[in-house]
Amino acid sequence: MTHRILIVTAVAAEADSVTTGLASVMPGADSVTAEAPDTRDAPGAPERVPLPGGLVLRRHTDGDRARVDVLVGGVGPAAVAAATGTALAHAALTGTDQRERPYDLVVSAGIAGGFQPSAPPGSLVVSSAIVAADLGAETPDGYLAVEELGFGRSVHPVPEALTGRVAAALAAGGVPCAVAPVLTVSTVTGSARRAAELAERHPGAAAEAMEGFGVAEAAAAYGVPVVELRAVSNVVGPRDRAAWRIGDALDTLRHTVRLLGRTVFVEAPCT
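Right, let's walk through the structure included here. Please read these numbers as outputs of a predicted model, since none were measured by experiment.

1. A short note on helix α4 (residues 160-172)
- Compared with an ideal rise of 1.5 Å per residue, which puts 13 residues at 18 Å, α4 spans 18 Å between its outermost C-alpha atoms and is within 8% of the ideal.
- Buried within α4 we find L162, T163, V166, A167, A169 and L170. For α4, the arc enclosing every buried residue in end-on projection is 160°, short of the 170-degree limit, so these residues lie on one face. Facing away from the buried side of α4 by over 90 degrees, the exposed positions are E160, A161, A171 and A172.
- Turning to α4, the residues buried within the fold contact β5 (105-114), β6 (124-132), β10 (177-184), β12 (226-235) and α7 (246-262).
- Once α4 finishes, G174 follows within two positions and takes phi at roughly 85°, a positive value.

Okay, here's the thing in structure tokens:
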């Protein structure tokens, strides 16, 4: 049975790193890199599957073992939730194998800020939970999460069976990771005060990004397991562009996907 994976990134540079990571382990993958994106139409490139709304999947295959679709979903939880929902709906409506779920696993992947000392720049975080860090209300007595208001949820826990498989595969390939909550924010942290506030509100959080919760909400609507993978490019706190290590983070992301393309993505579905 073919294992079907959907990997969602915010921007094309992240998707290029994912695609390059898949290229060395899946015969159907191409050699697209962030440095040479114009090779995307070269022989051997993945199938490009158009979706409604102008979205496009990059479809990588490994014979009958795995099909990995890569989607650029946009920046922020709203845009990426809409894009992920579109991809899931398309798969559900066009699938020919009559399986209960359109994919076996959805992955939110990209670069992120890391909370110190848990996740220094260049490191990787695997989500133990995907948390909407500011979905709630401010009150005179402090912050109330949306659950406390009775309006929904702000956390998607990730099963330990899934995070354990991912972490073990990465450790075996020489990529140690932190398994910890990853925060989704609509405004990236830019001050020490805000970093401390988030760390206090969400103990143990290792990274913040802008898309994970949107991806998770869409995946949950279809009953598909979801995990977030974040390569750390900068420290959460005061913005210091000179200290950003975006290139290193994209390298980590590429290597991470390469390792998972040999293991978790082609193994039994992640139920």
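2. Some points on the packing of helix α1 (residues 12-23) against α7
- Running from amino to carboxyl end, α1 crosses α7 at an angle of 40°, the nearest separation of the two axes being 7 Å. Taken together, α1 and α7 sit at an angle that is classed as oblique. The two elements α1 and α7 meet at a crossing, and its hand is right-handed. Seen from α1, the contacting residues are A13, E14, S17, V18, T20, G21 and L22; seen from α7, they are L250, L253, R254, V257 and R258.
- For the contact of α1 with α7, a count of residues per class yields 6 nonpolar, 3 polar and 3 charged.

3. Focus: the nonpolar core
- In this structure, L6, L71, V106, V107 and F265 are the most contacted members of the largest nonpolar core, which totals 55 residues.
- Setting aside residues up to four positions removed in sequence, V106 forms contacts with L6, V8, T84, L88, V215, A219, V224, P225, V226 and V227.
- F115, A129, A195 and M210 belong to the second largest nonpolar core, which has 11 residues in total.

4. Let's talk about the pattern of salt bridges
- Counted according to the given criterion, the structure contains 16 salt bridges.
- D69 serves as the salt-bridge partner of R67, at 3.7 Å between the closest nitrogen and oxygen.
- A relative accessible area of 0% places D69 in the buried class.
- The network of salt bridges with shared partners includes D134, E138, R193, R194, E197 and R201.

5. Remarks on unusual backbone geometry
- In this structure, the amide linkage connecting Q116 to the following residue, P117, adopts the cis form with an omega of 5°.
- Counting through the fold element by element, P117 comes out in the loop between β5 and β6.

6. Considerations on the pairing of strand β3 (residues 56-62)
- Counted residue by residue, β3 has 5 buried out of 7 residues, so it is predominantly covered.
- Pairing between strand β2 (residues 47-50) and β3: 4 bridges, direction antiparallel. Within the sheet, the bridge partner assigned to R48 lies in β3 and is R58.
- In terms of strand pairing, β3 meets strand β4 (residues 66-72) through 6 bridges, oriented antiparallel. In the sheet register, T61 faces β4, and the bridge partner there is R67.
- A loop of 3 residues connects β3 with β4, the two strands running antiparallel in sequence, and G63 in this loop sits at a positive phi of about 55°.

Rules used throughout
- Residues numbered from 1 in each chain as written.
- Predicted model: local features only at pLDDT ≥ 70, side-chain atom pairs only at ≥ 80, totals over all residues.
- Heavy atoms only, no water.
- Helix = DSSP H or I, 4+ residues; strand = E, 2+ residues; numbered from the N terminus.
- Expected span 1.5 Å × (residues − 1).
- Buried < 20%, exposed > 50% of the residue type's maximum accessible area, 1.4 Å probe, protein only.
- Arc of directions from axis to C-beta.
- Contact = heavy atoms within 4.5 Å.
- Axes fitted to C-alpha atoms, helices over the stretch in contact; angles between N-to-C directions.
- Parallel < 35°, antiparallel > 145°, perpendicular 65-115°, else oblique.
- Left-handed = near helix turned anticlockwise from the far one by under 90°.
- Nonpolar A, V, L, I, M, F, W, Y, C, P; charged D, E, K, R; others polar.
- Core = buried A, V, L, I, M, F, W, Y, C linked by side-chain atoms within 4.5 Å.
- Salt bridge = Lys/Arg side-chain N within 4 Å of Asp/Glu carboxyl O.
- Pairing = 2+ DSSP bridges.

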